[in-house]
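Structural description and commentary
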Amino acid sequence: PSTDCVAAEQLCLSDSTCNATYRTLENCALAKTRLLSLDHDSRVRCLNAELDLGNSSLLHCKCHRRMKRQEHCLRIFWTVHSSMTDAENNCESPLPSTVEHWKTDYDKLAALVSGKNCSQLAGDATNPCLKATHVCNLSKKCFRLRTDYASICTKGAGSEDVCDRRRCHRGLRNFFEKVPEDFTKRILFCPCQDEFCGERRRKTIVPDCSFQYNTKPNCLWLLDSCLEDHICKSRLADFQQNCQPVDTSPDGCSLHNHAACLQAYMGMIGTPMTPNYVSNSSVEVSLWCTCENSGNQKEKCDQILGMFESNKCL
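All values reported here derive from a predicted model rather than from experimental measurement.

Attention now moves to helix α3 (residues 40-52). Taking 1.5 Å of rise per residue, 13 residues should cover 18 Å, and α3 covers 18 Å from first to last C-alpha, within 8% of that figure. Regarding α3, the residues found buried are S42, C46, A49 and E50. Projection of α3 onto a plane perpendicular to its axis shows the buried side chains occupying an angular sector of 100°, all on one side. Exposed and oriented more than 90 degrees from the buried face of α3 are H40, D41, L51 and D52.

Turning to the side chain of T271, a few remarks are in order. Here T271 is to be found in the loop between α15 (258-268) and β1 (275-277). T271 gets classed as buried once you look at its relative accessible area, which sits at 1%. Of note is the side chain of T271, whose polar atom sits 2.7 Å from the backbone oxygen of M268.

Quick look at the packing of helix α8 (residues 140-154) against helix α9 (residues 165-178) now. Here α8 crosses α9 at 165°, and the two axes come no closer than 8 Å. Compared by their axis directions, α8 and α9 come out roughly antiparallel. You can see that α8 and α9 cross each other, and the crossing is left-handed. Between α8 and α9, the residues in contact are K141, C142, L145, R146, Y149, I152 and C153 and R167, C168, G171, L172, N174, F175 and K178, respectively. By residue class, the composition of the contact of α8 with α9 is eight nonpolar, two polar and four charged.

Now for the state of the cysteines. Per the counting criterion, the structure on display carries 14 disulfides. The disulfide that involves C129 links it to C190, with 1.9 Å between the sulfurs. Of note, the bridge from C129 to C190 carries an S-S torsion of about 90° and is right-handed in sense. Of the two residues, C129 is situated in helix α7 (residues 128-137) and C190 in the loop between α10 (181-188) and α11 (195-202); the sequence distance between them amounts to 61 residues. Judged by relative accessible area, C190 falls into the buried class, the value being 2%.

Evaluated as defined, the whole model comprises seven aromatic pairs. Here the aromatic rings of F77 and W78 are separated by 5.0 Å at their centres, their planes lie at 85°, and the arrangement is edge-to-face. The class of F77 is buried, set by a relative accessible area of 1%. Aromatic rings pair up to connect Y149, F175 and F176 into one cluster.

Below, the discussion takes up the environment of I76. With respect to the helices and strands, I76 occurs in helix α4 (residues 70-80). Expressed as a C-alpha distance, the spacing of I76 and C5, which sit 71 residues apart in the sequence, is 6.4 Å. When sequence neighbours within four positions are dropped, the list of residues in contact with I76 reads C5, V6, E9, Y22 and L58.

Right, let's talk about the pattern of salt bridges for a bit. Taken as a whole and judged by the stated rule, the model has nine salt bridges. Of the charged contacts in the structure, one is a salt bridge between E177 and R235, with a shortest N-O distance of 2.1 Å. Linking E177 in helix α9 with R235 in helix α14 (residues 230-242), this pair joins segments that are 58 residues apart in sequence. Measuring nitrogen to oxygen at the nearest pair gives 2.9 Å for the salt bridge that ties D302 to K298.

Rules used throughout
Residues numbered from 1 in each chain as written. Predicted model: local features only at pLDDT ≥ 70, side-chain atom pairs only at ≥ 80, totals over all residues. Heavy atoms only, no water. Helix = DSSP H or I, 4+ residues; strand = E, 2+ residues; numbered from the N terminus. Expected span 1.5 Å × (residues − 1). Buried < 20%, exposed > 50% of the residue type's maximum accessible area, 1.4 Å probe, protein only. Arc of directions from axis to C-beta. Polar contact = N/O pair within 3.5 Å; in protein donor to acceptor, adjacent residues only side chain to side chain. Axes fitted to C-alpha atoms, helices over the stretch in contact; angles between N-to-C directions. Parallel < 35°, antiparallel > 145°, perpendicular 65-115°, else oblique. Left-handed = near helix turned anticlockwise from the far one by under 90°. Contact = heavy atoms within 4.5 Å. Nonpolar A, V, L, I, M, F, W, Y, C, P; charged D, E, K, R; others polar. Disulfide = S-S within 2.5 Å. Phe/Tyr/Trp six-rings, centres within 6.5 Å; stacked < 30°, edge-to-face > 60°. Salt bridge = Lys/Arg side-chain N within 4 Å of Asp/Glu carboxyl O.

These values are about where atoms sit, not about what they do.
So this is what it looks like as structure tokens:
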């Protein structure tokens, strides 16, 4: 059974054998983070250390989205799984699915986005995104955390100053992690019938700071930035696991759980691979990157971009 990685680390450190193995893995993870090339013997030693954990609770530990010390927990997870840090390894997600309460109203959400029974489900409001914002403002926590990230992410707008993207991303993560999903998902996935509403939805995450750069970077650069960050790397694994498209599936999704996919998508916001709506007139989403000038890695780059642009499950 999976356990909290922070608790599992404490158990391991109290055992001399496990402690020594874990320290070896820490060195392996540090070398990989610093892009140091390991010789053959060192790589074997790292792999053996991972295998030596055997049935240790560290090997099967998980981290939870809203837990305290989340970043520390994720660092432990990736230390233990230090040989699996590339996107193509498809490492299991360190974040267990916690979307049981979404299942009952996903059909309602799908109907809203598709426009079916819109007036009945969203009320007679002409701008459901504006209505969702008003509902957020009625909650002290939702209003405070939304105001916090909006303030940080708009600093520097309209001047020569550059916004503090790192702080902006942290503010967005705080909002989506700490505010109940009944508020956040309605703000992010509100249904729109006109471009004014769509533009408000597109600007939910203040894209001028959190999403866009002056020029589009290569998608592989975004991926590298993500894999260097414990939070982003974990959420990318979660996204890949829960939003895995399959052409042979009737709904295009391998797990048939769109609620988990939507939650995983929300988890990517506030990371180096933050996605967003591409326009104010559609629900298509993408990363802010390009695959031009990718050389012999063009196929890999297209796969990264396609996880969002061409993902039937999402």
